[in-house]
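# Remarks on the overall topology
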Amino acid sequence: MDLGIKGKTALVTASSKGLGRGCAEALAAAGVNLVLNARGAEALETTAAVIRAAHGVQVTTVAGDITTEKGRARVLAAAAGADILVTNAGGPPPGLWSDWSRDDFIRALDANMLTPIALMQALLPGMIGRKWGRVVNITSQSVKGPIAQLGLSNAARAGLTGFVAGTSRQVAEHGVTINNMLPGIHDTDRATALDSGVIKAKGITMDQARAERAATIPARRYGTSAEFGAMCAFLCSAHAGFIVGQNILLDGGATNVTL
Ligand code: NAP
C-alpha cells in the first residue's frame, strides 16, 4: 500500500534502537525523510547510515537527551517544519510503590509526559498552519492495565494520555491527528533489561524468564519493532486522517480488556 507520505519529514525521538527505530525504518520505507535522536552518538549514526542505505531518504541526526530542555532545543532546531512527530523516550525504572521519592516522580513525568507535550507544543502550530500533520506518541500497555512494578510509568503515561485525549480533538479540524501506541512486551533492549531484573529476583535463566513472560501473552511471543513500526507508519499515513485520539494496544492480547 502506498502510504501517501513520500517526501514528508518526520522527527522520531529516542530512535537509535528498539521501537523508535522500528517506527523510523517503516517511515523511511514509505519515503519519509527523518530527524533521528538518541543520547549515544555511535548507535545513532549506525542506525542513520543503515536507513539511508536501505531507503535513500535524508536522515539528520541529533545526539542528546530528549528529556532535557537543552536536548529538546537542539533536536527541535533540526526538525523545524516537521510534518510528522513520533515521541519516544526511555521508560522509568521498575520498583515498589513505596520506594519512589518526589524526584523519582518528577524524572518520570519529565521523560514520559512533559517531554512529549513540549515536543507537541513546539511542532503542532506549524502542522496546523500547513493543514496537515501526524503525531504518534509511544506510551505503554500500562495505560490500559497497570503494571504493578512500573508505577512511575503507569502514572506519567496516564497524564500524557489525558493531555492527548483533549488536545487531539482540538487540532483535528486542521488536518492534524494525534494518537498513542501502547506497546506490550516487544523484543528490545528495554525488555531484556526488565527480564534481567526477573532473572536476579527469581534465580532463573534468561531463556526461562522469556518463556515465562511469553506464556502470559495470548500470542505466546514477544512483539517485534518491525511490526510496531508498520502500525506507526500507517497512523502517520495519508489514510489515517480520521483516526483521532486513539490508544492502540500492540500487545499480542496481553492486556485482558474488552475495550
Ligand atoms: P530500548 O530498546 O531501550 O530503546 C530506547 C531508545 O531510546 C534507544 O535508542 C535509546 O538510545 C533512546 N533513548 C533512551 N532514553 C533517551 C533519552 N533520554 N533521550 C534520547 N534518546 C533516548 O527501548 P524500547 O523497548 O524501544 O522502548 C521504547 C519506549 O517504549 C520506552 O518508553 C519503554 O518504556 C516503552 N515500552 C517498551 C516496551 C517493550 O517491551 N519494549 C513495553 C512497553 C513500553 P540511548 O540510550 O543512546 O539514548
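Further up the page is the structure itself.
Before going into details, it helps to say that this report is about the structure given with it. Owing to the predicted nature of the structure, the values given are computational and were not obtained by experimental measurement.

### A closer look at helix α6 (residues 189-202)
Here α6 contains 14 residues, and its C-alpha end-to-end distance of 20 Å stays within 8% of the 20 Å for a straight helix at 1.5 Å per residue. Among the residues of α6, A191, L194 and D195 are the ones counted as buried. End-on, the buried residues of α6 take up no more than an arc of 100°, which puts them together on one face. Turned more than 90 degrees away from the buried face of α6 sit D189, A193 and K200, all of them exposed. Lining the buried residues of α6 we find α7 (206-215). Just beyond α6, the residue with positive phi is G203, at close to 65°.

### A look at the pairing of strand β7 (residues 247-250)
Along β7, the buried face is formed by I248 and L250; none of N247 and L249, which line the opposite face, is buried. As paired elements, strand β6 (residues 176-183) and β7 share four bridges and run parallel to each other. Each residue of the ladder has a partner; that of L182, found in β7, is L249.

### Describing the state of the cysteines
Per the counting criterion, the structure on display carries zero disulfides. Distance from the sulfur of C23, which forms no disulfide, to the nearest cysteine sulfur (C232) is 3.2 Å. With relative accessibility at 0%, the residue C23 sits in the buried group.

### A word on the sheet that holds β6
Note on sheets: strands pair through backbone hydrogen bonds, and any given pair is parallel or antiparallel. The strand order β3-β2-β1-β4-β5-β6-β7 describes an open sheet built from seven strands, whose pairing is parallel. The outermost strands of the open sheet, each flanked by one partner alone, are β3 (59-63) and β7. Strand after strand, the sheet turns through a mean of 15° between neighbouring axes, direction not considered. Note that strand β1 (residues 9-12) and strand β2 (residues 33-38) share four bridges and pair parallel. Paired with L11 across the two strands is V35, which belongs to β2. Its contacts with the sheet place helix α3 (residues 69-78) against β1, β2 and β3, and it is angled at close to 165° to β3.

### Digging into the side chain of N154
Position of N154 among the secondary structure elements: in helix α5 (residues 151-171). Looking at N154, its side chain comes within polar contact range of the main-chain oxygen of I147, at 3.0 Å. With sequence-adjacent residues up to four places away left out, N154 is seen in contact with S142, P146 and I147.

### As for the pattern of salt bridges
Any two side chains of opposite charge can pair if their charged atoms end up close together. The full count for this structure, using the stated rule, is eight salt bridges. The closest approach of N and O atoms between D195 and R213, which form a salt bridge, is 2.7 Å. On the criterion of sequence distance, the pair formed by D195 in helix α6 and R213 in helix α7 is long-range, its members being 18 residues apart. As far as the burial class goes, D195 and R213 line up, both buried. One salt bridge connects K202 with E212, and the closest N-O pair in it is separated by 2.8 Å.

### Concerning empty space enclosed by the protein
A full pass over the atoms with the stated rule returns one cavity of 30 Å³ or more. In terms of lining residues, the largest cavity is bounded by T13, T87, N88, A89, A111, N112, T115, P116, L119, I138, R157 and L160. Looking at the lining of the largest cavity, the elements that each hand over two or more residues are α4 (102-130) and α5. For the lining of the largest cavity, the element with the highest residue contribution is α4, accounting for five residues. Looking at the lining of the largest cavity residue by residue, the class counts come to six nonpolar, five polar and one charged.

Parameters at a glance
- For every chain, the first residue of the written sequence is number 1, and numbering continues from 1 onward in sequence order.
- Totals for whole chains, interfaces and linings use all residues, but because this is a predicted model, local features are given only for residues with pLDDT of at least 70 and pairs of side-chain atoms are given and counted only at 80 or more.
- Side-chain figures throughout are based on the complete set of non-hydrogen atoms in the structure, without hydrogens or water.
- The numbering of helices and of strands both runs from the N terminus, where a helix is a DSSP run of H or I of at least 4 residues and a strand a run of E of at least 2.
- An expected span of 1.5 Å times one less than the residue number is assigned to each helix.
- Three exposure classes are used, based on accessible area relative to the maximum for each residue type with a 1.4 Å probe and protein chains only: buried under 20%, partly exposed in between, and exposed over 50%.
- The directions considered for the arc are those from the helix axis to the C-beta atoms.
- The criterion used for residue contact is that any of the two residues' heavy atoms lie within 4.5 Å.
- Here, a strand pair is defined by DSSP locating no fewer than two bridges between the strands.
- The disulfide criterion used throughout: a pair of cysteine sulfur atoms within 2.5 Å.
- Between N-to-C directions, angles span 0 to 180 degrees; the directions come from axes that are lines fitted to C-alpha atoms, helices contributing only their stretch in contact.
- For this analysis, a polar contact is any N or O atom pair within 3.5 Å, provided that within protein one partner can donate a hydrogen and the other can accept it, and provided that sequence-adjacent residues contribute only side-chain to side-chain pairs.
- Whenever a carboxyl oxygen of Asp or Glu lies within 4 Å of a side-chain nitrogen of Lys or Arg, that contact is scored as a salt bridge.
- Both cavities and pockets are sets of points on a 1 Å grid over the protein atoms alone; in a cavity a 1.4 Å probe fits but cannot get out, in a pocket the set is open with protein on both sides within 12 Å along at least five of seven lines, and lining residues sit with an atom within 4 Å of a point.
- Grid points are joined across faces, edges and corners, and a volume is the space filled by probe spheres set on the points.
- We call Asp, Glu, Lys and Arg charged. Ala, Val, Leu, Ile, Met, Phe, Trp, Tyr, Cys and Pro are nonpolar, and the rest, Gly among them, are polar.

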